[in-house]
Amino acid sequence: MASFKELVFSGVQPTGNLHLGNYLGAITKFVALQNSHDCIYCVVDLHAITVPQDPAALTANIREVTAAFIACGIDPKNHIIFNQSQVPEHAELAWVFNCTARLGWLNRMTQFKEKAGKDRENASVGLYAYPALMAADILVYRATHVPVGEDQKQHLELARDIAQKFNNDFSTSIESNGFGDGFFPLPEPLIQGPATRVMSLRDGTKKMSKSDPSDYSRINLTDDADAIAQKVRKAKTDPEPLPSEEKGLEPRPEADNLVGIYAALSDVSKADVLAEFGGAQFSTFKSALVDLSVAKLGPIGAEMKRLVADPAYIDSVLADGSERAGVLARKNMNAVKDILGFIRR
Ligand code: AMP
Ligand code: TRP
């Protein structure tokens, strides 16, 4: 397999209610990777329309995710922040991948089954084909590393299968076009740490999600100190004090979740948190968690508010990022066209 220059790519959907799960599972990783890698972070608006969206709300949500990226510490000058629809090569490569991916592969995607629910006949074709677009997002840059939360693992495996099948199907043409023994890297998921799957504050067996009807299920990045405090205090727990060992968290999903959140927010392990709070009552632990959450998230929410009040600035960041991303995507898309045997100007 050819060797590829390391490049990080990830995406977040502009579907409102950015929450602590997005922050701990994805965005904090995005921020950290800037020190070691070139990074491209995308507001995936084409993904958002796989389910119905109100156009005005979509515009606001694209700006809000962009503001969150910047407020959390992503540098749009040294790295790239942009929205997907401004680089048409994503959709173009997605079509090619629709012809690479097999129906059998997509039929296995658990997220489609969850999102389509019982009324599958009425789900959009886009919702079904979405993992091929996600593969295109990554591979149109020939990106090698993809920080995501646990829920995206299966989609990343599909992206690797698509890359591999494309490399195999066109191996002769890839070689004769001067790309050695593989055009696409097999992108690696980066899923690490104590909060790769942050759970609902109301139910420790359900993922924290943007679309949960209960706002008490999640901490939004725009929540103020009072809201954060209320939500943490109301978070579901059990009557036992915290255990001293991680093993003691296994049958206690709510306790496990809160300890994981505390660990991720303070950048230590769950074992470290239990060394400090083992034997403590939840009332004590929750007070500490409120202080920590407010200290970490308060400044981010305030900065997001400041940024979204200046849409012209946000839009200029996206325009600049799209232009730079577009240059990279075009070059790779042209190579794909050559490999496929298309004629181009
Ligand atoms: P989405 O909001 O679905 O676009 O997700 C954006 C990123 O946040 C993806 O990398 C997801 O895997 C991650 N993510 C979403 N929800 C959670 C969660 N509850 N816990 C951890 N990561 C999450
Ligand atoms: N599917 C991801 C989600 O729902 C978002 C996404 C789209 C993405 N394209 C991507 C993530 C490419 C990583 C890489 O969270």
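Anything mentioned here points back to the structure above.
Reference entry: report on the structure contained in this document. (Residues numbered from 1 in each chain as written. Chains lettered and ligands numbered in written order. Predicted model: local features only at pLDDT ≥ 70, side-chain atom pairs only at ≥ 80, totals over all residues. Heavy atoms only, no water.)

1. Remarks on the packing of aromatic side chains
Here the structure, examined in full by the defined rule, presents 15 aromatic pairs. A centroid spacing of 6.4 Å and a plane angle of 70° characterise the contact between F97 and F166, whose relative ring orientation is edge-to-face. With a gap of 69 residues between them, F97 in helix α4 (residues 89–98) and F166 in helix α8 (residues 153–169) connect regions that are remote in the sequence. Classification of F97 by relative accessible area gives buried; the value is 0%. Its relative accessible area of 0% is what places F166 among the buried residues. (Phe/Tyr/Trp six-rings, centres within 6.5 Å; stacked < 30°, edge-to-face > 60°. Helix = DSSP H or I, 4+ residues; strand = E, 2+ residues; numbered from the N terminus. Buried < 20%, exposed > 50% of the residue type's maximum accessible area, 1.4 Å probe, protein only.)

2. Examining the site of ligand 1
Neighbouring residues of ligand 1: 18 residues in total, closest Q13, G149, D151, V198 and K210. Here Q13 contributes a backbone N or O atom positioned 2.9 Å from an oxygen atom of ligand 1. Contact distances for ligand 1 include 2.8 Å between a nitrogen atom and a backbone N or O atom of V198. Burial of ligand 1 by the protein chains amounts to 92% of its free accessible area of 480 Å². (Near = heavy atom within 4 Å. Polar contact = N/O pair within 3.5 Å; in protein donor to acceptor, adjacent residues only side chain to side chain. Areas by Shrake-Rupley, 256 points an atom, 1.4 Å probe, with all protein chains shown as cover.)

3. Regarding the environment of L139
Inspection of the secondary structure puts L139 in helix α7 (residues 125–139). For L139, a relative accessible area of 0% puts it in the buried group. Note: C-alpha distance between L139 and A94 (45 residues apart in sequence) is 9.7 Å. The residues contacting L139, other than those within four sequence positions of it, are L93, F97, A159, A163, F184, P185 and P187. (Contact = heavy atoms within 4.5 Å.)

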